[in-house]
Amino acid sequence: MRGHAIGVLSRAGIADAEVDADLLTGHVLGLSRGQVQAAVIMGTPLTSTDAAAILELLRRRALREPLQHITGRAPFRSLELLVGPGVFVPRPETEQVAQFAIDALRSLPDPAPIGVDLGTGSGAIALALAVEVPNAVIWAVENSPEAFPWTTRNFEQVDAPNATLVFGDLADALTELDGTVAVVISNPPYIPADAIPRDPEVRLFDPAHALYGGADGLDVVRHVSRTALRLLRPGGVLVIEHGELQGAEIRALLAQDGWRAPATHRDYTTRDRATTALRP
């Protein structure tokens, strides 16, 4: 069965066919990937019911439905988040972007530094900050009616006492925090309107609201810059995730808005992935 599953997904163009085959099998059987591999080695038989369930999940994945939509879960740093249609699936590269905010919060002498995640989506970044910097006070903002139920479920599941979720537009959110925040982070929609993502999982299943940022992709980034200037205290840190070709444009945008020391950082694949700046 495992060989058949890998073949089905490989022919469908799935890059990590072996991994996905094991994870889908494990989802049906309630096993980890390692346990699935051990069962294969030991020749553990499948029931006809389990085999049929696995074949149905393989069919869906072969149509390029995201693995996370099928299992209903997405790992992010130490968390496992609930995801599905209507919410952006958190990506591994965002884990590294979140680290900038985590490091900035940890470096502060404040007993309870404030961090804000603008456009939190699934809640991945905000909840990672809350869990990994337990002395910080984390606020998260989301304005998508389709995504917000997922965000709410994840906040309830993680149950971090130092994290607060707010439904609202990031352009005018959290005015009560103006001038007090230590770190603002955002993974905004940044794909230009006429750029079509290559991966079917993104193009067909991720919500457009979380992908496209206007003609040049930077419409929401401009709002993030202005909101962060309002929220952050002097010396506060801004972290923005973006596309690999947008670093120079975003640095110029931030410099024009008055930010100090805008700098672009590469991810583990050497692609420009995030830009940071300091509140003057």
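The protein appears in an unreviewed UniProt entry as Release factor glutamine methyltransferase from Cryobacterium tagatosivorans. Under the heading Sequence similarities (unreviewed entry), UniProt records this for the protein: "Belongs to the protein N5-glutamine methyltransferase family. PrmC subfamily." Listed under Catalytic activity (unreviewed entry) in UniProt, the entry text for the protein is "L-glutaminyl-[peptide chain release factor] + S-adenosyl-L-methionine = N(5)-methyl-L-glutaminyl-[peptide chain release factor] + S-adenosyl-L-homocysteine + H(+)".

(A) Structural context of helix 8 (residues 148-158). Residues of helix 8 that are buried: Phe 148, Trp 150, Thr 151, Asn 154 and Phe 155. Burial along helix 8 is one-sided: seen end-on, the buried residues are contained in an arc of 155°. Residues of helix 8 that are buried make contact with strand 2 (79-82), helix 7 (124-132), strand 4 (137-142) and strand 5 (163-167). Looking one or two residues beyond helix 8, the residue adopting positive phi is Asp 159, at roughly 55°.

(B) Fine view of the domain arrangement of the protein. What the domain assignment reports for the protein is domain 1 (1-63) and domain 2 (73-279). On a C-alpha basis, the centroid separation for the pair domain 1 and domain 2 is 34 Å.

(C) Inspection of the packing of aromatic side chains at higher detail. Tallying each qualifying case throughout the model produces 1 aromatic pair. Seen from their ring centres, Phe 148 and Phe 167 are 5.0 Å apart, and the 85° between their planes marks the pair as edge-to-face. With Phe 148 in helix 8 and Phe 167 in strand 5, this pair connects stretches of sequence that are 19 residues apart. The lysine or arginine in question, Arg 153, covers the ring of Trp 150, its NZ or CZ lying 4.6 Å from the ring centre.

(D) Spatial organisation of the pairing of strand 2. In this sheet, strand 2 lies alongside strand 1 (residues 73-76) in antiparallel orientation, the contact comprising 4 bridges. When the sheet's bridge partners are listed, Ala 74 is paired in strand 2 with Leu 81. Once strand 1 ends, the chain turns through 2 residues before running back antiparallel as strand 2, passing Arg 77 with a positive phi of about 50°.

(E) Focus on the environment of Ala 112. As for its placement among the helices and strands, Ala 112 is situated in the loop between helix 6 (92-106) and strand 3 (114-118). Looking at Ala 112, the relative accessible area reads 40%, which means it is partly exposed. Between the C-alpha atoms of Ala 112 and Ile 138, which are 26 residues apart in sequence, the distance is 9.6 Å. Excluding anything up to four places from it in sequence, Ala 112 contacts Asn 135 and Val 137.

(F) Local environment of the pattern of salt bridges. All chains considered together, the criterion is met by 20 salt bridges. Among the salt bridges present, the one from Arg 106 reaches Glu 132, with a minimum N-O distance of 4.0 Å. Of the two residues, Arg 106 is situated in helix 6 and Glu 132 in helix 7; the sequence distance between them amounts to 26 residues. In this structure Arg 106 comes out as partly exposed when scored by relative accessible area, which is 47%. Overall, the relative accessible area of 18% leaves Glu 132 in the buried class. A single salt-bridge network, built from bridges that share partners, covers Arg 2, Glu 18, Asp 22 and Arg 33.

(G) View of the sheet that holds strand 7 (residues 232-241). Spatially, 5-4-3-6-7-9-8 is the arrangement adopted by the 7 strands of the open sheet, whose pairing is mixed. Of all strands in the sheet, those bounded by a partner on one side alone are strand 5 and strand 8 (260-266). The mean inter-strand angle of the sheet, taken between neighbouring strand axes irrespective of direction, is 15°. Here strand 8 pairs with strand 9 (residues 272-278) via 5 bridges, running antiparallel. Counterpart to Arg 260 in the pairing with strand 9 is Leu 278. The strands touched by helix 8 within the sheet are strand 4 and strand 5, with strand 5 carrying the most contacts at an inclination of about 165°.

Definitions and limits used
Residues numbered from 1 in each chain as written. Predicted model: local features only at pLDDT ≥ 70, side-chain atom pairs only at ≥ 80, totals over all residues. Heavy atoms only, no water. UniProt positions renumbered as here; feature names shortened; annotations may be inferred. Buried < 20%, exposed > 50% of the residue type's maximum accessible area, 1.4 Å probe, protein only. Helix = DSSP H or I, 4+ residues; strand = E, 2+ residues; numbered from the N terminus. Arc of directions from axis to C-beta. Contact = heavy atoms within 4.5 Å. Domains from an automatic or database assignment. Phe/Tyr/Trp six-rings, centres within 6.5 Å; stacked < 30°, edge-to-face > 60°. Lys NZ or Arg CZ within 6 Å of the ring centre and 35° of its normal. Pairing = 2+ DSSP bridges. Salt bridge = Lys/Arg side-chain N within 4 Å of Asp/Glu carboxyl O. Axes fitted to C-alpha atoms, helices over the stretch in contact; angles between N-to-C directions.

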